[in-house]
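# Survey of secondary and tertiary structure
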Number of protein chains: 6
Amino acid sequence: MVVKIAIIKSGNIGTSPVIDLLLDERADRPNIDVRTFGSGAKMNPEQVEDVVPKIDAFEPDFAIFISPNPGAPGPAKARELLSEKDVPAIIIGDAPGKGKKDEMDEQGLGYIIVMSDPMIGAKREWLDPTEMAIFNSDILKVLAETGALRLVQKTIDAVIAQADAGEAIELPKLIITAEKAAEAGGFANPYAKAKAIAAYEMAGSVANLDMKGCFMTKGFENFIPLVAAAHEIAACAAKLAQEAREIEKANDTVLRTPHMKEGNPGCKTDLISKPQ
Amino acid sequence: MVVKIAIIKSGNIGTSPVIDLLLDERADRPNIDVRTFGSGAKMNPEQVEDVVPKIDAFEPDFAIFISPNPGAPGPAKARELLSEKDVPAIIIGDAPGKGKKDEMDEQGLGYIIVMSDPMIGAKREWLDPTEMAIFNSDILKVLAETGALRLVQKTIDAVIAQADAGEAIELPKLIITAEKAAEAGGFANPYAKAKAIAAYEMAGSVANLDMKGCFMTKGFENFIPLVAAAHEIAACAAKLAQEAREIEKANDTVLRTPHMKEGNPGCKTDLISKPQ
Amino acid sequence: MVVKIAIIKSGNIGTSPVIDLLLDERADRPNIDVRTFGSGAKMNPEQVEDVVPKIDAFEPDFAIFISPNPGAPGPAKARELLSEKDVPAIIIGDAPGKGKKDEMDEQGLGYIIVMSDPMIGAKREWLDPTEMAIFNSDILKVLAETGALRLVQKTIDAVIAQADAGEAIELPKLIITAEKAAEAGGFANPYAKAKAIAAYEMAGSVANLDMKGCFMTKGFENFIPLVAAAHEIAACAAKLAQEAREIEKANDTVLRTPHMKEGNPGCKTDLISKPQ
Amino acid sequence: MVVKIAIIKSGNIGTSPVIDLLLDERADRPNIDVRTFGSGAKMNPEQVEDVVPKIDAFEPDFAIFISPNPGAPGPAKARELLSEKDVPAIIIGDAPGKGKKDEMDEQGLGYIIVMSDPMIGAKREWLDPTEMAIFNSDILKVLAETGALRLVQKTIDAVIAQADAGEAIELPKLIITAEKAAEAGGFANPYAKAKAIAAYEMAGSVANLDMKGCFMTKGFENFIPLVAAAHEIAACAAKLAQEAREIEKANDTVLRTPHMKEGNPGCKTDLISKPQ
Amino acid sequence: MVVKIAIIKSGNIGTSPVIDLLLDERADRPNIDVRTFGSGAKMNPEQVEDVVPKIDAFEPDFAIFISPNPGAPGPAKARELLSEKDVPAIIIGDAPGKGKKDEMDEQGLGYIIVMSDPMIGAKREWLDPTEMAIFNSDILKVLAETGALRLVQKTIDAVIAQADAGEAIELPKLIITAEKAAEAGGFANPYAKAKAIAAYEMAGSVANLDMKGCFMTKGFENFIPLVAAAHEIAACAAKLAQEAREIEKANDTVLRTPHMKEGNPGCKTDLISKPQ
Amino acid sequence: MVVKIAIIKSGNIGTSPVIDLLLDERADRPNIDVRTFGSGAKMNPEQVEDVVPKIDAFEPDFAIFISPNPGAPGPAKARELLSEKDVPAIIIGDAPGKGKKDEMDEQGLGYIIVMSDPMIGAKREWLDPTEMAIFNSDILKVLAETGALRLVQKTIDAVIAQADAGEAIELPKLIITAEKAAEAGGFANPYAKAKAIAAYEMAGSVANLDMKGCFMTKGFENFIPLVAAAHEIAACAAKLAQEAREIEKANDTVLRTPHMKEGNPGCKTDLISKPQ
Ligand SMILES: [Mg+2]
Ligand SMILES: [Mg+2]
Ligand SMILES: [Mg+2]
Ligand SMILES: [Mg+2]
Ligand SMILES: [Mg+2]
Ligand SMILES: [Mg+2]
Ligand SMILES: [Mg+2]
Ligand SMILES: [Mg+2]
């Protein structure tokens, strides 16, 4: 069977750019077909209302809606619309979404909250397209190298497996903490794991400074240093996550979980070997 | 006026994840509305034929199709379909697309060829979702910090400006070389510029090793070291691009080109200042 | 006049090891005489009650009590004892001390709260004397290079100046935030300042993980990764603070505030110059 | 039994700030009680004569006097005073103290000479409180990560054990060379050990340049570059020592010697384990 | 027997400075005697014609001619002259020499082509003696740490062994690719090997940019950035090669092949051991 | 006029590999012709006696003899032989040569003593051809980036200029200290200069450890860590020298002294400019 997955992207978090690619990293997975629908950087109710219904024609087996802050007006509208459909749906969001956990439970929605996918320093005096891309690069590095993205992969792969098997889909209820991310990271060396936890926590703390800089500070001479500092922390977190992975590389213990010929996730650690 | 932009993503290159975000980095640009449509990692004619027509209902002012290798069957089909529509369309692709330049001219399509947006090491024994995300992070860093993404931004912003002004759209014909990327990077320090050129060229050379590893080498014990080496070069390129930017930061000469209140691109270099 | 300063150290925070040295960095300041009295690593009421009275014989012009958490039983006892003496006294402590601000006001005590002088990962399975020294080295680096220690210096130098001039001592009421530290750091380059702010905030966040690891987590297999992660963040903060200073060095704009021949603080930035 | 230890600090060397903390890193060692007495940065006979007698009231089981250059007038006076008491006493000092070895033997004093605890660049045009703290941070890092501080710990722990057991105290006669420090460092990897030896030797060579800059060079334009160079070497030594430790971390072979529940030193290497 | 080796150096490639030292790294090898003859930086037919005949008086068992581009006029003349002698001769050159492979076969010459010993950025506006030395340092690092120089050593050692044994000399026909270099490098860790391959390929790509800058670009404002970028890549390659070796050091698996007491090559990996 | 320079290399120091290239870095200097004659790694009287006379046929305007330790038997023999010729001759050697200063004066020889061109760790258990090349790469980096090689260049260029002008040659008497090297380095930033001085001094201190390891320590388990440590210091020195140059690059103040069209040394600092 080919499982049909509809992914709606409204606005952007660090996980957004690769959410579809995580499921089919070499574009050769036979048992899924993915369509993405997005409203670019904007995520107002207006865009959301236009985009969400586009998934219907595709008749997906399940849907994913990914955006910043699941509690903001646009994402709230998306949850409302998806809740009404009889397509199983998963909300992927960042830390502010943790507070909407119970609401999503009630709405019959699954969720994956990536705690350390932080808000960007969205001030005109700081953020241009280049700085935005750099920040996304750093966060992507952290999420990948700490294990957070593998946990996302694993979680959605489980849903795919259920759909593929014709089973009822059990929607995920997942808050990705540092410990859970690092667990999925599969670190063999405990110092590498500690660095991964540290990197994930550092990335999480970026949000505090960015919020202080964006919403709680007046005067560009005052808020620019704060959002600039936040992005410096993101860069440090990326470097530290990279240190963690380099340790595993140095010991030839990097865990890899590629999708196999039939589409199921495989596993390997010795580099010069075939995945099982 | 609000310019409507339809972006189709089939498969993925380093520029893909941020192409829509580059145009509206803080989600507050008043004069554009973007919709994205994608087929996930896959880019076969089958997916392309399904996705491309989805843009019609949005009635875009212009369309962008972004994918690896514009000459591959899927992207070729996309070019054919877009060429037939009367919506101005721009193809964004990687180095192999350079050879389709004349064909795209004849098809009435604009194009942006990002020469150093290299093929990934797509072998199951190497590439899992985590490694894929890391590679994309590194390439994104290179493209952002060398100036390549600013050149993409600038090029599409020019198209938007024409549409916004109700003028006829002059489709871009752009091959992004190291020199052109670094020029757009706006480096004040010549060693930073040299590092940017070097980083861009290094990223470009990743493709050679990845192609050798993916298509020209038999035996996993032989091709794994090659694709692994290719990704090491990508990581080095990212670090070198970062060095370039750190020099500009140290001299407070980082160029920033955020979108302004009306949606037009602004410009600033002194960090503690407002863009003009 | 020679101002006599009694310093009591109970337990240790990052500022403790150098508090006396900050006032007389080359041991040639003519207008102060310092005595320190300490109870080593321990800071229970029992030790505090024994140590505090030792300052009397020295007849100091003012006293400093430095310890972790000014609200803990030992430091609380110290505040009580010092409050009763007619020697002006300043409490120096870490973030938990912020909550004792009003109490100290009422006790007629001055205070300096170093917000990013974080708790160490005090678990036997992690912390040995070597790890303890490494952590102190990292925190000392952060406090010095972000400007926090200069602010401590400046604040106590002001008290010394008053005592030296025979004026009434105005006790300091200072909470050292990232912004205040970086201000005192005197960074000429705004990215260096941002890195300093980031480093200071990162050091502050170390306390969260250490507290979680030390007090809120059961099982050494669970808490070791947390305190290890906390120390990794401290190490990153030290490296980032160093980056900030290296930028200033590269531009020959490092601010230096040595004590001058008469004991007053001087100032210089060009390296090859004399302080004024 | 609770062993009572009096520590006198006059002036400062890299070991001074943590000498008391090394003995009770988590402030929970039941079998010692420590008092410190210091004269701040100054170490003239005048201060020494005032401070040394203060230990008497505490009735210590043994005393430690730590300062730069045990042969300088102040420390010489301290040795004289301590030699006359019937409290066992240990002198801790830096390389110039090596020449006083025989004299200390005759005085009935123990000693620990930390060969690579170098003189600071004590020129007003260079050294302000911030630079002083940075230097101390770097030296502390070197001493901790090369194993020198563990050797200090071990040596004094042996004295404590004797006192605790009611045995006669055998005073240590120890010159800490690079080889002895690295031996105590417990490096499992021989390249890590070599890096530790190199770092320790580099730190030792700092003293040569600082002495040349401080005492043998006229003109600030001539001596500033020398003391600045000396501190650069200290920073390099710290980084190299850190490399040594990172290797051990990457192999999970870091030796830890925390104090155990009864106060005796324990030992562990696997990070996720309990010390024995 | 003592094998007599004549080495002619005309112009310089990265391998040139150490070619004689590779054969006798501690100057204690009993079974060879080496003479070198060179024409400095110049390699025109005029110099070559003067230098080559100088080897005759030494009556070498075999000769080595090392220079850039074996196809250039000077080296071509050298090949012609050596081909006519009845001394076995080996040409060592860089990548452009690959095209002269068959010609050298016909000339009865052996050859070693070091594919990643790249052309320098030889423009007056860029290259002074200092920059030249830095470039040579970087390339030397790459060649040593990737294994390329060990392969050169091994290849010539085999010739020496034949001469020493009085056997006919089988002249080497060797093109040193990344894979062959890394094989000789003896990396135990596959990521280290991948880094070595990457470093070697990066060094090879330096030549492209240097040739573009030196021969195909007009205007110093245009070619300086290119040759500067080329040297940045060389520096990156050196750093990456160093990373590869540091991994092997961290695992104590560095292969060493020193010459033994009789002059034959030995072998060891554990650092604290004797070679066999 | 074309000045004819004969260079004799016996054994190797860090300066040896590039001494001829320093004079003609792009192989286009019209006013010199160079011949080199060497005995490979060996430098015994036997080789020296064979090699030195070879220069006669070339009829050089002046000669250079470069080797380790000018006081060792081989170099001593070379000095004797050169002293007897009526060709002006310059001895280039490392630190032990300083003690032969007066002797060389009496012999009518010029000299350049490179104080920080240290002895290698020449033990079979450590030094193989690969390690030897790495060490030479590191020392070459230090000598180039600190300014030492520019001082060598400048010194010999002055001799060439005299010969070229038909003037009597004034033989150089030069001891290259850290200060003199850094002066020739032309650093605009004083911290870069301090780093250069530090790097040069560190390289110098390598010799102490190598001598201790090679000549004063018994047992491979004892001397391997020492020579390994020595090479670690060399690597650190190279990195620090690189930091110095990167600062100058970041400020676009790198001094370059290429040879000009007529062969005279030129000068430039702004990268995008022509030398004068
Ligand atoms: Mg290992
Ligand atoms: Mg393995
Ligand atoms: Mg500026
Ligand atoms: Mg200045
Ligand atoms: Mg272990
Ligand atoms: Mg081994
Ligand atoms: Mg600058
Ligand atoms: Mg300039």
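Keep in mind that this is a model prediction, so the values were computed, not measured.

So, about the overall build of chain A. Of the regular secondary structure elements, chain A holds eight helices and six strands. Listed N to C, the secondary structure of chain A is β-β-α-β-α-β-α-β-α-α-β-α-α-α in terms of helices and strands. Over its C-alpha trace chain A gives a radius of gyration of 19 Å, about what one expects of a compact globule, namely 19 Å for 276 residues. Classification of the 276 residues of chain A by burial places 67% in the buried group. Total accessible area computed for chain A in this model is approximately 8500 Å², and 51% of it derives from carbon and sulfur atoms.

All right, on to the relation of the copies chain A and chain B then. Relative to chain B, chain A is turned by 180 degrees and slid 0.0 Å along the rotation axis, the superposed coordinates differing by an RMSD of 0.0 Å. Interpreted geometrically, this transformation is the action of a two-fold axis. Same-surface contact between copies: 100% of interface residues of chain A are shared with the interface of chain B.

Let's shift gears to the interface of chain A and chain B. Tallying the contact residues gives 70 residues for chain A and 70 residues for chain B. When chain A packs against chain B, close to 6200 Å² is buried across both sides, 59% of that on carbon and sulfur atoms. Of all residues in chain A, A:Lys42, A:Arg124 and A:Pro129 bury the most surface against chain B, accounting for 12% of the area lost on that side. The interface formed by chain A and chain B contains 18 salt bridges. The partner of B:Lys274 in a salt bridge is A:Glu125, and the shortest N-O contact between them spans 2.8 Å. Linking chain A to chain B there are 34 residue pairs in polar contact (both at pLDDT 80 or more). Of all the secondary-structure elements, those providing two or more residues to the side of chain A that touches chain B are β2 (32-38), α1 (45-51), α4 (129-146), α5 (148-164) and α8 (220-250) of chain A. It is α4(A) that contributes the most residues to the side of chain A that touches chain B, 13 residues altogether. Among the residues making up the side of chain A that touches chain B, the classes are represented as 29 nonpolar, 13 polar and 28 charged. Bridge analysis of β2(A) against strand β2 (residues 32-38) of chain B gives three bridges, and the strand direction is antiparallel.

Let us look at the relation of the copies chain B and chain C. Superposition record for chain B on chain C: RMSD 0.0 Å, screw rotation 120 degrees, translation along axis 0.0 Å. Such a combination of rotation and displacement between the chain copies is what one expects of a three-fold axis.

The sheet built from 12 strands is open, its strands ordered β6(A)-β5(A)-β4(A)-β3(A)-β1(A)-β2(A)-β2(B)-β1(B)-β3(B)-β4(B)-β5(B)-β6(B) with mixed pairing. With partners counted over all chains shown, the strands left at the sheet margins are β6 (173-176) of chain A together with β6 (173-176) of chain B, one partner each. Strand after strand, the sheet turns through a mean of 15 degrees between neighbouring axes, direction not considered. α5(A) rests against β1 (3-9), β2, β3 (62-66), β4 (89-94), β5 (110-114) and β6 of chain A of the sheet, and its axis sits at about 170 degrees to β6(A). Along the sheet face, helix α2 (residues 73-84) of chain B touches β1 (3-9), β3 (62-66) and β4 (89-94) of chain B and points at about 170 degrees away from the line of β3(B).

Residues and elements named next belong to chain B. Protein-derived coordination of the magnesium ion (ligand 3) comes from Asp252 (O) and Asp270 (OD), at a distance range of 2.3 to 2.4 Å. A residue pair is termed long-range when its members are at least 10 positions apart, and Asp252 in the segment after α8 (220-250) and Asp270 in the segment after α8 qualify at 18 residues. Judged by relative accessible area, which is 43%, Asp270 ranks as partly exposed.

It is worth spelling out unusual backbone geometry at this point. Even without being glycine, C:Ala27 reaches a positive phi, approximately 60 degrees. Using a relative accessible area of 32% as the deciding quantity, one classes C:Ala27 as partly exposed.

Residues and elements named next belong to chain C. Running from amino to carboxyl end, helix α7 (residues 190-215) crosses helix α8 (residues 220-250) at an angle of 170 degrees, the nearest separation of the two axes being 8 Å. By the criterion of interaxial angle, the relationship of α7 to α8 is roughly antiparallel. Pair α7 / α8 crosses with left-handed handedness. Here the residues of the contact of α7 with α8 are counted per class, giving 22 nonpolar, three polar and five charged.

Taken together, A:Asp252 (O) and A:Asp270 (OD) make up the protein donors of the magnesium ion (ligand 2), found 2.3 to 2.4 Å from the metal. Residue classification places A:Asp252 among the buried residues on the basis of a relative accessible area of 16%.

For the rest of this paragraph, the subject is the domain arrangement of chain A. How big an interface is tends to be stated in terms of accessible area lost as the parts join. All names here are of chain A. Taken domain by domain, chain A consists of domain 1 (3-114 + 148-177) and domain 2 (119-147 + 186-255). Spacing between the C-alpha centres of domain 1 and domain 2 amounts to 23 Å. Contact with domain 1, which involves 12 residues of that partner, is made by nine residues of domain 2. For the pair domain 1 and domain 2, the two sides together bury roughly 900 Å², of which 57% comes from carbon and sulfur. Viewed at the interface, domain 2 and domain 1 are joined by zero salt bridges. Summed over the shared surface of domain 1 and domain 2, the number is eight residue pairs in polar contact (both at pLDDT 80 or more). Here the side of domain 1 that touches domain 2 takes four residues from α5, the largest share from any one element. When its residues are assigned to classes, the side of domain 1 that touches domain 2 shows seven nonpolar, four polar and one charged.

Here the focus is a nonpolar patch on the surface. On the surface, A:Met211, A:Phe215 and A:Met216 cluster together into a nonpolar patch covering about 360 Å² of accessible area. Among the structural elements, A:Phe215 can be located in helix α7 (residues 190-215).

Moving on, we come to the sheet that holds strand β5 (residues 110-114) of chain E. Strand order in the open sheet formed by 12 strands is β6(E)-β5(E)-β4(E)-β3(E)-β1(E)-β2(E)-β2(F)-β1(F)-β3(F)-β4(F)-β5(F)-β6(F), with mixed pairing between adjacent strands. With one partner strand each, in any of the chains shown, β6 (173-176) of chain E together with β6 (173-176) of chain F form the two edges of the open sheet. Here the strands of the sheet are splayed against their neighbours by 15 degrees on average, with no regard to which way each runs. When strand β1 (residues 3-9) of chain F meets strand β2 (residues 32-38) of chain F, the two strands line up parallel, connected through seven bridges. Of the residues in β2(F), the one forming a bridge with F:Lys4 is F:Asp33.

With that out of the way, let us pick up the pairing of strand β4 (residues 89-94) of chain D. Residues and elements named next belong to chain D. Most of β4 sits out of view: six of its six residues are buried. Alternating residues of β4 divide into Ala89, Ile91 and Gly93 and Ile90, Ile92 and Asp94, and every residue in both groups is buried. This β-α-β element, strand β3 (residues 62-66) to helix α2 (residues 73-84) to β4, shows right-handed connectivity. One ladder, built from five bridges, connects β4 with strand β5 (residues 110-114); its direction is parallel. Across the sheet, Asp94 pairs through a bridge with Val114, a residue of β5.

Turning to the interface of chain B and chain C, a few remarks are in order. In this assembly, nine residues from chain B lie in contact with seven residues from chain C. The three residues of chain B that bury the most area against chain C are B:Lys249, B:Ala250 and B:Leu271, which together make up 60% of that side's buried surface. Here C:Lys195 ties to B:Glu246 by a salt bridge, and the two come within 3.0 Å at their closest N and O atoms. Put simply, chain B and chain C have five residue pairs in polar contact (both at pLDDT 80 or more) between them. By residue class, the composition of the side of chain B that touches chain C is four nonpolar, one polar and four charged.

Another aspect to go through is the pattern of salt bridges. Evaluated as defined, the whole model comprises 168 salt bridges over all chains. A salt bridge links A:Glu80 to A:Lys77, with the nearest nitrogen and oxygen atoms 3.4 Å apart. Placement of the pair is A:Glu80 and A:Lys77 together in helix α2 (residues 73-84), with a separation of three residues, close to one helical turn. Here A:Lys195 ties to C:Glu232 by a salt bridge, and the two come within 3.0 Å at their closest N and O atoms.

Each value, and the rule that gives it
Residues numbered from 1 in each chain as written. Chains lettered and ligands numbered in written order. Predicted model: local features only at pLDDT ≥ 70, side-chain atom pairs only at ≥ 80, totals over all residues. Heavy atoms only, no water. Helix = DSSP H or I, 4+ residues; strand = E, 2+ residues; numbered from the N terminus. Rg over C-alpha atoms; globule rule 2.2 N^0.38 Å. Buried < 20%, exposed > 50% of the residue type's maximum accessible area, 1.4 Å probe, protein only. Areas by Shrake-Rupley, 256 points an atom, 1.4 Å probe, with all protein chains shown as cover. Least-squares fit on C-alpha atoms with pLDDT ≥ 70 in both. Contact = heavy atoms within 4.5 Å. Buried area = accessible area lost by both parts, 1.4 Å probe. Salt bridge = Lys/Arg side-chain N within 4 Å of Asp/Glu carboxyl O. Polar contact = N/O pair within 3.5 Å; in protein donor to acceptor, adjacent residues only side chain to side chain. Nonpolar A, V, L, I, M, F, W, Y, C, P; charged D, E, K, R; others polar. Pairing = 2+ DSSP bridges. Axes fitted to C-alpha atoms, helices over the stretch in contact; angles between N-to-C directions. Donors = N, O, S within 2.8 Å, 3.2 Å for Na, K, Ca; no water. Parallel < 35°, antiparallel > 145°, perpendicular 65-115°, else oblique. Left-handed = near helix turned anticlockwise from the far one by under 90°. Domains from an automatic or database assignment. Patch = residues over 30% accessible without salt bridge, like charges linked within 9 Å, V, L, I, M, F, W, Y side chains within 5 Å. Right-handed = clockwise from strand over helix to strand, strands pointing away.

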